[in-house]
Amino acid sequence: MKRGTSILGLLSLVLAAAGSAGTSSELDDKCLAFDPRDLVPNSSVTVREFVPAGTNITFPYNDPSCNRASQLVAANLCRIALSVPTSNRSGVVFELWLPEIWNGRTLATGNGGIDGCIKYEDIAYGAANGFSRYASHPRNSLHVSDKLDHTFGSNNGHNGTSGDAFYQKHEVVIDYSWRALHTSVGLGKQLTASFYNTSTAKSYYIGCSLGGRQGIGSAEKFPKDFDGIVAGAPATDFNDLYSWRASFFPLTGAANSTDFVSAETWKTTVHDEVLAQCDEIDGVLDGIIEDPTLCHFDTRRLLCSAKAMGTNTTSCLTEPQVQTVEAVYSDYLWPNGTLLYPRPNPGNEILAADGLYSGKSFSPSVDWFKFVVLQNPAWDPASYSVNDALLAAQTDPAEIRTWPSSLAPFKEKGGKILSFHGQQDQQITSLNSARFYRHLASGMGYDADHPDELSQQMDEFYRLFRVPGMNHCSGGPGAWAIGQGGSEAAYTIPFDGTHNVLAAMVDWVENGVPPDTILGTKFVNDTPSAGVAYRHRHCKYPYRSTFDGVGNPLNESSWDCINFGLA
Ligand code: CA
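Residues numbered from 1 in each chain as written. Predicted model: local features only at pLDDT ≥ 70, side-chain atom pairs only at ≥ 80, totals over all residues. Heavy atoms only, no water.

Asker: Before we move on, could you go through the pairing of strand S16 (residues 543-547) and cite the residues and values that matter?
Answerer: Counting buried positions over the five residues of S16 gives four, a clear majority of the element. The sheet contact formed by S16 and strand S17 (residues 559-563) spans five bridges and is antiparallel. Considered in S17, the bridge of Arg544 is made with Ile562. (Buried < 20%, exposed > 50% of the residue type's maximum accessible area, 1.4 Å probe, protein only. Helix = DSSP H or I, 4+ residues; strand = E, 2+ residues; numbered from the N terminus. Pairing = 2+ DSSP bridges.)

Right, here's the structure in full:
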């Protein structure tokens, strides 16, 4: 296959190779004859259709704020959408995509932010991964991961991205916190078994951000639901995360306030100074801070009087501006000095400048406080204080915190979690995933004074991969393509345990082969058709990606994973 082939072109080749016209009509008949209402009382079927591979499905009834108008489908499948009540005043919309060639696995997908949006791209990715790999590597022998998953996702109990759906509707908040996912897992397994007339085998989950939190929350509350959970940039310690996000607006002030640090200043002056101080800690000047826990950025060097004489004053900061930057990069503390939420990972400035640091309130946090925590739609986000954080933590709406100190039941039944976090994440600091790892290890009684022993014990069921140079869930200057969700990059990298987190999870659960590293891919200009720029080996925490000092930094073999202990 030539480079530059589009997904659609790739699909047509696959279809020609598969010659699947004969069986697709059988699937068509089976799909239209299948009535999920026989199994799910009180449900209503909103869609039941056979979808041939190559179809671009449109979603005319999807809330426009979800920004998902259509999705290309890579496999012949039966698509079913159900509306299912979860209480007498709430319900979920649930999509089940049943591929023609099924491998016995189920894959659930998560949501993001505070939204009620089905991630169609992730469902399609789950349903298509076999075809994608077959087309990219036609000479490989059939691998356990080659065939298709059946995949499902839900709207998480409400529609669209606004939080007003939560206002005075506690049942909807419960769905958002955990019930929509748990309900869809039960339905997904039951309906799949019925459709294929066989029992389902292993059950998987993939999600990022809020979706990462949903995965870890599921392992805590419903340890039997999944065998393998891929949890990216998880929004664990949810209440404190949302307080941390809300804290930036009062701290930076509005964009028109005196001494406001502009987006341009964050992206140039501050970002450049962060890199000047921290890029080379890892031994390579490449614009990527391999381990931001080592970057303790001295903000005083941004002060105009500290900069070299004769430089343009737009390249330095006033005293109040330096204090703002200092406060932004400090741990967020409770009034008694204990940690509320860890500091941002330095290096995130390019995107955080237009987000958390932009002088505008961060809308998911605002909606969460307005409609759930404070129940006051007129609340002014500029008035946010640590008292609001305290209230959020104390009320813990619908037990959303997701901060388990033990996952022993999940571990004991053989469950596995693969977590990953971009080291320049601009929305959830990557330091919180390292913090959660330490919290979990400590709660499970593992000894931090013996890091090798501790990591062996955690390795049995929980592995966290730190991805340098990756933004929130994807993107960034690093080798961020690791198969974390439905994108062209995920279809293009090899679907195997070396390169792809979902395939790695399958290998771990079904073959007992856990991932020690994940080999990330950086495409030229992030364009898969332009080819691979380089690959980089991502290490599991607490191991750190460490340059050998002599090799080509763009060659993955020039880096080792070394355990420096829990930092
Ligand atoms: Ca570097």
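Additional details are given in the paragraphs that follow.
Asker: Which residues make up the environment of Gly414, and what are the values?
Answerer: Relative to the helices and strands, Gly414 resides in the loop between helix H12 (408-412) and strand S12 (416-422). According to the relative accessible area criterion, Gly414 is partly exposed, its value standing at 35%. On a C-alpha basis, the gap between Gly414 and Phe461 in space is 7.5 Å, while along the polypeptide they are 47 residues apart.

Asker: So, the packing of aromatic side chains: which residues are in play, and what are the values?
Answerer: For the coordinates displayed, the defined rule picks out 28 aromatic pairs. Taking 5.9 Å as the distance between ring centres and 85 degrees as the angle between the ring planes, the aromatic pair formed by Phe297 and Tyr329 counts as edge-to-face. Separated by 32 residues along the polypeptide, Phe297 in the loop between helix H7 (263-278) and helix H8 (319-328) and Tyr329 in the loop between H8 and strand S10 (332-333) bring together distant segments of the chain. Of the two residues, Phe297 and Tyr329, neither departs from the other in class, the shared state being buried. Among the aromatic residues, ring-to-ring pairing joins Trp244, Phe248, Trp266, Phe297, Tyr329, Tyr341 and Tyr357 into one connected group. Over the ring of Phe195 we find Lys30, and its NZ or CZ is 4.7 Å from the ring centre. Directly above the aromatic system of Trp508 lies the positively charged group of Arg463, at a separation of 5.2 Å from the ring centroid. (Phe/Tyr/Trp six-rings, centres within 6.5 Å; stacked < 30°, edge-to-face > 60°. Lys NZ or Arg CZ within 6 Å of the ring centre and 35° of its normal.)

Asker: Please give an account of the coordination of the calcium ion that cites residues and values.
Answerer: Each protein donor to the calcium ion is listed here as Asp279 (O), Asp279 (OD), Asp282 (OD), Asp282 (OD), Val284 (O), Asp286 (OD) and Ile288 (O); together their distances run 2.3 to 2.6 Å. Mapping the donors of the calcium ion onto the primary sequence yields the spacing D-x2-D-x1-V-x1-D-x1-I. A relative accessible area of 34% means that Asp286 is categorised as partly exposed. (Donors = N, O, S within 2.8 Å, 3.2 Å for Na, K, Ca; no water.)

Read these as layout, nothing more, since geometry by itself doesn't imply function.
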